[in-house]
Amino acid sequence: EDKVVQSPLSLVVHEGDTVTLNCSYEVTNFRSLLWYKQEKKAPTFLFMLTSSGIEKKSGRLSSILDKKELFSILNITATQTGDSAVYLCAVGVGNKLVFGAGTILRVKS
Amino acid sequence: GAGVSQSPSNKVTEKGKDVELRCDPISGHTALYWYRQRLGQGLEFLIYFQGNSAPDKSGLPSDRFSAERTGESVSTLTIQRTQQEDSAVYLCASSRLTRGTGELFFGEGSRLTVL
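Notes on the structure in this doc start here. Only a predicted model underlies this, so the values are computations on that prediction, with no experimental measurement involved.

Cut-offs and rules
Residues numbered from 1 in each chain as written. Chains lettered and ligands numbered in written order. Predicted model: local features only at pLDDT ≥ 70, side-chain atom pairs only at ≥ 80, totals over all residues. Heavy atoms only, no water. Contact = heavy atoms within 4.5 Å. Buried area = accessible area lost by both parts, 1.4 Å probe. Salt bridge = Lys/Arg side-chain N within 4 Å of Asp/Glu carboxyl O. Helix = DSSP H or I, 4+ residues; strand = E, 2+ residues; numbered from the N terminus. Nonpolar A, V, L, I, M, F, W, Y, C, P; charged D, E, K, R; others polar. Buried < 20%, exposed > 50% of the residue type's maximum accessible area, 1.4 Å probe, protein only. 1 Å grid on protein atoms, 1.4 Å probe; cavity = no way out; pocket = protein on both sides within 12 Å on 5 of 7 lines; lining within 4 Å. Points joined across faces, edges and corners; volume = space filled by probe spheres on them. Pairing = 2+ DSSP bridges. Axes fitted to C-alpha atoms, helices over the stretch in contact; angles between N-to-C directions.

**Let's talk about the interface of chain A and chain B**
For interface size, the figure often reported is the accessible area lost on association.
In step 1: Tallying the contact residues gives 20 residues for chain A and 18 residues for chain B.
In step 2: Taken together, the two surfaces of chain A and chain B that pack against each other cover about 1,600 Å², and 57% of this comes from carbon and sulfur.
In step 3: Of all residues in chain A, K41, N95 and K96 of chain A give up the largest surface area on contact with chain B, accounting jointly for 34% of the area buried on that side.
In step 4: Counting across the chain A and chain B interface gives 0 salt bridges.
In step 5: Only strand 4 (30–38), strand 5 (44–49), strand 9 (85–93) and strand 10 (96–99) of chain A provide two or more residues apiece to the side of chain A that touches chain B.
In step 6: A class-by-class count of the residues in the side of chain A that touches chain B yields 11 nonpolar, 6 polar and 3 charged.

**Things to note about the pattern of salt bridges**
All names here are of chain A.
In step 1: Evaluation of the coordinates by the stated rule reveals 4 salt bridges over all chains.
In step 2: A salt bridge links D83 to R60; the shortest N-O distance between them is 2.8 Å. Of this pair, D83 sits in the loop between strand 8 (71–76) and strand 9 while R60 sits in the loop between strand 6 (56–58) and strand 7 (61–66); the two residues are 23 residues apart in sequence, bridging distant segments of the chain.
In step 3: Among the residues examined, D83 registers a relative accessible area of 5% and is labelled buried.
In step 4: Judged by relative accessible area, R60 falls into the partly exposed class, the value being 24%.

**What about the environment of L32 of chain B?**
Residue and element names in this part refer to chain B.
In step 1: By the element assignment, L32 lies in strand 4 (residues 31–37).
In step 2: Counting along the chain gives 21 residues from L32 to S53, while the straight-line C-alpha distance between them is 12 Å.
In step 3: Residues within four places of L32 in sequence aside, it is in contact with C23, P25, I47, Y48, F49, R69, S73, S75, C92, A93 and S94.

**Details of the layout of surface pockets**
In step 1: The space that makes up the largest pocket amounts to roughly 440 Å³.
In step 2: Along its surface, the largest pocket is lined by 22 residues, and Q38 of chain A together with Q37, R38, L39 and G40 of chain B are the ones closest to its centre.
In step 3: Tallied by class, residues from the lining of the largest pocket come to 10 nonpolar, 7 polar and 5 charged.
In step 4: The computed volume of the second largest pocket comes to approximately 290 Å³.
In step 5: Taken together, E1, D2, K3, V4, K96, L97, V98 and F99 of chain A together with Y35, L43, E44 and F45 of chain B make up the lining of the second largest pocket.
In step 6: When residues in the lining of the second largest pocket are grouped by element, the largest group, 4 residues, is from strand 10 of chain A.
In step 7: Tallied by class, the residues present in the lining of the second largest pocket amount to 7 nonpolar, no polar and 5 charged.

**Some remarks on the sheet that holds strand 1 (residues 3–7) of chain A**
Residue and element names in this part refer to chain A.
In step 1: If you walk across this open sheet you meet the 5 strands as 1-3-8-7-6, and the pairing is antiparallel. A strand with exactly one partner marks an edge of an open sheet, and here the two such strands are strand 1 and strand 6. Here the average twist between neighbouring strands, direction ignored, is 15°.
In step 2: Relative to strand 7, strand 6 runs antiparallel, the two being bridged by 3 bridges. Each bridged residue has a counterpart across the sheet, and for K56 the counterpart in strand 7 is S63.

Here is the structure:
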């Protein structure tokens, strides 16, 4: 069975802190790994990773994939209260995305 | 349209009733997905449509669940004889890719509550 596991389940930090979110996976037919941010309802796309060791960056967010060890991390530096959300990791398997349960991030001012 | 549109946004129904949820994907997106998200959990794959190919129904949890899509347009997800465990947010997503998985664009979801 394809599996995506995220950790931690939740964390609370103060504004300005740096956080690292983890995603590990065991799937049969890996195609890609995606990160989404979910604030209220619709998840919004952050990154898609297909190659090991190549960091993707967007402002204060960055992500990297390790296909040998089967995991990815999402880093957020200088966190802001607007970063509070559920961060979802998903792995492309065949024609679908298999999602982890998410990490709930709360940034306190 | 500009984004994926879903209706209704909220639906409260009694156990045993049938419900129909609608999804209007982004124009030109050939792939359409339905996911279910129970409270505090991740997204659970239900069904995938790609153009005129046979849909991938491998995620449908029981034969009470069915979905249709007309060509590359609107899709409806039907749940018959609803049960309390069907309560969840049903998310629709579309993608322009014809093969494999890339970025999915999600709608706001339909929140279903079965009393």
